[in-house]
Amino acid sequence: MHRFDSYFLYFLTLGILALVFLGVPKLPHHKVLTPRAPLTFQQRVSHKVVFLDAKGEPEGTCTGTAIGPNALLTGEHCNSEGNKMVRLDLATEKHNILDWEFDGRDHVIYLFDGSPFTNYETVKVSSEAVLAETITFYGNDEGSYPAIPHYGKVKDCEDPSDLDADAEQFCFNAPVYPGDSGSAVYNVRGEIVGLITYRHTA
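Now for a description of the structure that goes with this document. Quantities reported herein were computed from a predicted structural model and do not represent experimental measurements.

## Concerning the sheet that holds strand β2 (residues 58-68)
What links the strands of a sheet is backbone hydrogen bonding, and the strands pair in either a parallel or an antiparallel sense.
Link 1 in the chain: Taking strand neighbours around the barrel as the criterion, the six strands line up as β1-β2-β3-β6-β5-β4 in a closed arrangement whose pairing is antiparallel. Put simply, the sheet's adjacent strands are angled 45° from each other on average, direction ignored.
Link 2 in the chain: In terms of strand pairing, strand β1 (residues 46-52) meets β2 through seven bridges, oriented antiparallel. Note that in β2 the partner of S46 across the bridge is T65.

## Some words on the pattern of salt bridges
Link 1 in the chain: The tally for this structure, following the rule as stated, stands at two salt bridges.
Link 2 in the chain: Across the pair R189 and E133 runs a salt bridge, and its minimum N-O distance is 3.6 Å. Of this pair, R189 sits in the loop between β10 (184-186) and β11 (192-195) while E133 sits in the loop between β6 (107-112) and β7 (134-139), and the two are 56 residues apart along the sequence.
Link 3 in the chain: The shortest N-O distance in the salt bridge between R189 and E191 comes to 3.3 Å.

## Looking at the nonpolar core
Within soluble globular proteins, side chains that are nonpolar tend to cluster in buried spots.
Link 1 in the chain: In this structure, V49, F51, L72, V86, L88 and F117 are the most contacted members of the largest nonpolar core, which totals 13 residues.
Link 2 in the chain: At the level of secondary structure, the elements contributing two or more residues to this core comprise β1, β2, β4 (85-88) and β6.
Link 3 in the chain: No other element matches the three residues that β6 contributes to this core.
Link 4 in the chain: Leaving out residues up to four positions away in the same chain, V49 has contacts with G60, T61, C62, T63, G64, L72, V86, R87 and L88.
Link 5 in the chain: Within the second largest apolar cluster, nine residues are counted, among which are A129, V154, V176 and V185.

## With respect to the pairing of strand β3 (residues 71-75)
Link 1 in the chain: Among the five residues of β3, five are classified as buried, and the element is accordingly described as predominantly covered.
Link 2 in the chain: Here β2 folds back onto β3 in antiparallel fashion, the turn holding two residues.
Link 3 in the chain: The pairing of β3 with β6 spans five bridges and is classified as antiparallel. Bridging across to β6, L72 finds its partner in Y110.

## Considering the environment of L72
Link 1 in the chain: On the secondary structure map, L72 appears in strand β3.
Link 2 in the chain: Take L72: its relative accessible area is 3%, and that puts it in the buried class.
Link 3 in the chain: Separated by 40 residues in the primary sequence, L72 and F112 have C-alpha atoms spaced 8.4 Å apart.

## Points about the packing of aromatic side chains
Link 1 in the chain: What the rule picks out here adds up to four aromatic pairs.
Link 2 in the chain: Taking the centre distance of 5.6 Å and the plane angle of 90° together, the rings of F112 and F117 count as edge-to-face. Accessibility classification places F112 together with F117 in one group, the buried group.

## Some details on a nonpolar patch on the surface
Link 1 in the chain: Where nonpolar side chains cluster on the molecular surface, the patch consists of F8, L9, L12, I16, L17, V20, F21 and L22 and spans about 890 Å² of accessible area.
Link 2 in the chain: Checked against the element boundaries, L17 lands in helix α1 (residues 2-22).

## Notes on the sheet that holds β7
Link 1 in the chain: As summarised here, the arrangement of the five strands in space is β9-β8-β7-β10-β11, forming an open sheet in which the pairing is antiparallel. This sheet does not close on itself; its edge strands, each paired only once, are β9 (171-172) and β11.
Link 2 in the chain: Summarising the sheet, β7 and strand β8 (residues 148-155) pair through six bridges and their orientation is antiparallel. Bridging from a neighbouring strand, I135 pairs with G152 of β8.

## Section: the side chain of S183
Link 1 in the chain: Turning to its location among the elements, S183 is positioned in the loop between β9 and β10.
Link 2 in the chain: Separated by 3.4 Å, the side chain of S183 and the backbone oxygen of Y138 make a polar contact.
Link 3 in the chain: Once you skip the residues sitting within four places of it in the chain, S183 turns out to touch T63, F137, Y138, G139, G194, L195 and I196.

The rules behind these values
Residues numbered from 1 in each chain as written. Predicted model: local features only at pLDDT ≥ 70, side-chain atom pairs only at ≥ 80, totals over all residues. Heavy atoms only, no water. Pairing = 2+ DSSP bridges. Helix = DSSP H or I, 4+ residues; strand = E, 2+ residues; numbered from the N terminus. Axes fitted to C-alpha atoms, helices over the stretch in contact; angles between N-to-C directions. Salt bridge = Lys/Arg side-chain N within 4 Å of Asp/Glu carboxyl O. Core = buried A, V, L, I, M, F, W, Y, C linked by side-chain atoms within 4.5 Å. Buried < 20%, exposed > 50% of the residue type's maximum accessible area, 1.4 Å probe, protein only. Contact = heavy atoms within 4.5 Å. Phe/Tyr/Trp six-rings, centres within 6.5 Å; stacked < 30°, edge-to-face > 60°. Patch = residues over 30% accessible without salt bridge, like charges linked within 9 Å, V, L, I, M, F, W, Y side chains within 5 Å. Areas by Shrake-Rupley, 256 points an atom, 1.4 Å probe, with all protein chains shown as cover. Polar contact = N/O pair within 3.5 Å; in protein donor to acceptor, adjacent residues only side chain to side chain.

Purely spatial values, then, with no claim about function.
Put into structure tokens, the structure is as follows:
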């Protein structure tokens, strides 16, 4: 019994010294936020999207909107490496991307296999975003989950050439964080009128 106690104390001392000099090891974790109120429908259809490389390692996180049982709307730049696999929210299931369609303006729809969404937005023709109109988007700020609501107003992009206006691209003054890319932008009637593509920091 004396020998066991000596070994125990020896290894306990080594472990404490390792923690003191090397620090506590950092384990990967997700920022899970406890919502203060019940989730809205727009929050339920907004998903944290993690694109995975061929080895299943994460290569980028964005926000996507479910628009069908196996269809997701997000930003094309979110998957600049052309990965063929995603993980959604905090689920352990991995989904293979079966097909996609994009319009050349950073909007892309992905179709994937696996478990379907039970909540999804019905995309319909809506009015365009209007200057000074109030907008809302739900983004997974820096990997947070569930999606966090952000509010703002549509504003001029301050592009004197009018190229953005001609391309039907608008700006707004809601705060945008890494991970919010690809979020659907809603007007006050709950219609999707845009998609977050990039942040203008000026």
